[in-house]
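Each chain, written out:
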Amino acid sequence: QYMWEIAARSAIISGQFEMAKNLYDSLPDEDQKEIDLRFEYTLDDLRAEFDVEEKLRQAEVEADNLPRVKFKTTQGEFVAELFIDQAPSTVSHFIQLIEDGYYDGKDFYQVIDHLLALAGDPDFSPSDPGVNFLMDEHGRPGARSGMRGSLVMAKVPRENAKEGEPNFFPNSASTQFAILLTPILDAQREQTVFGIVIEGMEAICRLNRVDPHEKKKKGEQEVPPDSIIEATVIRRPDTLPEPVY
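These remarks concern the structure in this document. Residue positions within a chain follow its written sequence, with the count starting from 1. Owing to the predicted nature of the model, reporting of local features is limited to residues with pLDDT of at least 70; listing and counting of side-chain atom pairs is limited to 80 or more, with chain, interface and lining totals taken over all residues. The basis for the side-chain values is all heavy atoms of the structure; hydrogens and waters are excluded.

Examining the nonpolar core
As a rule of thumb, soluble globular proteins bury nonpolar side chains together.
In step 1: Note on terminology: a nonpolar core comprises buried Ala, Val, Leu, Ile, Met, Phe, Trp, Tyr and Cys residues joined through side-chain atoms within 4.5 Å. For every residue, the accessible area obtained with a 1.4 Å probe (protein chains only) is divided by the maximum for its type, and the residue is called buried under 20%, exposed over 50%, and partly exposed between those limits. Grouped together as the largest cluster of nonpolar side chains are 60 residues, with contacts concentrated most on Phe71, Phe94 and Phe177.
In step 2: It only takes one pair of heavy atoms within 4.5 Å for two residues to be counted as in contact. Ignoring anything within four residues of it in the chain, the contact list for phenylalanine 94 reads Val69, Phe71, Leu82, Tyr103, Leu151, Phe177 and Phe194.

What follows is the structure, encoded as structure tokens:
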């Protein structure tokens, strides 16, 4: 069962949805883990979004002109391309933060299996002076989907949000960003997807799993978070659009 679960997840991530369906059909629901149930029940939607994203990525690879950033981390390097056409304000803001050295030394302070790796300032507060909040761009035409390796701007969560209500305060993204470890359909419904990792995803997979919200058991050893050693912009347009705050 363990091997079939791994095979099914790999099939989802690589776009082999018929194989994933066959594998999940053979696994009893009562024995499946949360990640596999999520994949199985959203299989058709995942397939549709993957097909759209795959066509867009093929065109972008051929054009070869998107901004690129490189992160040197304690687990290795990775490179991401930024979707400046679909999220111009967010990309411009992100590039400026990198050029200011903001992310150098910042931790991946929350890394959760099958979900995401979150970086930035964990002590960030909406009341901090000088904090700039970005206007959301997930509602723009052509907004991108949350695939494995997608970069997503994190927003301030709403505590005790009821069913049907937004999970995040609108227009509350600032400096924290997440890298998705698996496709997440809900990511682009409330948050701006502004880039994707194109090299070095294995470095992100090696990041120490850290959950600051998880209660530690007595005597349990706490694993230190990995960190960003240096972030650099390796390709950018001559002029950037003005971020909209």
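With respect to the side chain of glutamate 190
In step 1: Along the chain, the position of glutamate 190 falls in helix α6 (residues 187–190).
In step 2: Residues scored as positive are Lys and Arg, those scored as negative are Asp and Glu, and His as well as the terminal groups of each chain are ignored. When a carboxyl oxygen of Asp or Glu lies within 4 Å of a side-chain nitrogen of Lys or Arg, that pair is called a salt bridge. One buried charged residue, glutamate 190, forms no salt bridge at all, with the nearest opposite charge on lysine 155 at 5.4 Å.
In step 3: What qualifies as a polar contact is a pair of N or O atoms within 3.5 Å, subject to a donor-acceptor requirement within protein and to the restriction that residues adjacent in sequence count only when both atoms come from side chains. Of the polar contacts made by the side chain of glutamate 190, one reaches the backbone nitrogen of asparagine 167; its length is 2.9 Å.
In step 4: Setting aside anything within four residues of it in sequence, one finds glutamate 190 in contact with His138, Lys155, Pro166, Asn167 and Phe168. The way it works is that DSSP assigns letters per residue, a run of H or I at least four long becomes a helix, a run of E at least two long becomes a strand, and they are numbered from the N terminus.

Digging into unusual backbone geometry
In step 1: Although it is not a glycine, histidine 114 adopts a positive phi angle of roughly 65°.
In step 2: Mapped onto the secondary structure, histidine 114 falls in the loop between β3 (110–112) and β4 (116–119).
In step 3: Its relative accessible area of 31% is what places histidine 114 among the partly exposed residues.
In step 4: In this model, asparagine 171 sits at a positive phi of 55°, which is unusual for a non-glycine residue.
In step 5: Checked against the element boundaries, asparagine 171 lands in the loop between β5 (150–153) and β6 (177–180).

Examining the packing of helix α1 (residues 2–13) against helix α2 (residues 17–25)
In step 1: Angles shown run from 0 to 180 degrees and are taken between the N-to-C directions of axes, each axis being a line fitted to C-alpha atoms and, for helices, limited to the stretch in contact. Two numbers describe how α1 lies on α2: the axes approach to 8 Å, and their chain directions differ by 155°. Classified by the interaxial angle, the pair formed by α1 and α2 is roughly antiparallel. The chirality of how α1 crosses α2 is left-handed. Across the interface between the two elements, Trp4, Ala7, Ala8, Arg9, Ala11 and Ile12 from α1 touch Phe17, Met19, Ala20, Leu23 and Tyr24 from α2. For classification, angles of less than 35 degrees are called roughly parallel, those exceeding 145 degrees roughly antiparallel, those between 65 and 115 degrees roughly perpendicular, and all remaining angles oblique. Throughout, a crossing is termed right-handed when the near helix is turned clockwise from the far one, and left-handed when it is turned anticlockwise from it by less than a right angle.

Structural notes on the sheet that holds β6
In step 1: Pairs of strands are assigned from DSSP output, requiring at least two bridges between the strands. Read across the sheet, eight strands follow the order β3-β4-β6-β5-β7-β2-β1-β8 without closing on themselves; strand pairing throughout is antiparallel. The open sheet has two edge strands, β3 and β8 (228–235), and neither has a second partner. Adjacent strand axes in the sheet meet at a mean angle of 25°, parallel and antiparallel pairs treated alike.
In step 2: Sheet topology note: the β4/β6 ladder contains four bridges and is antiparallel. The residue of β6 that forms the bridge with alanine 117 is isoleucine 179.

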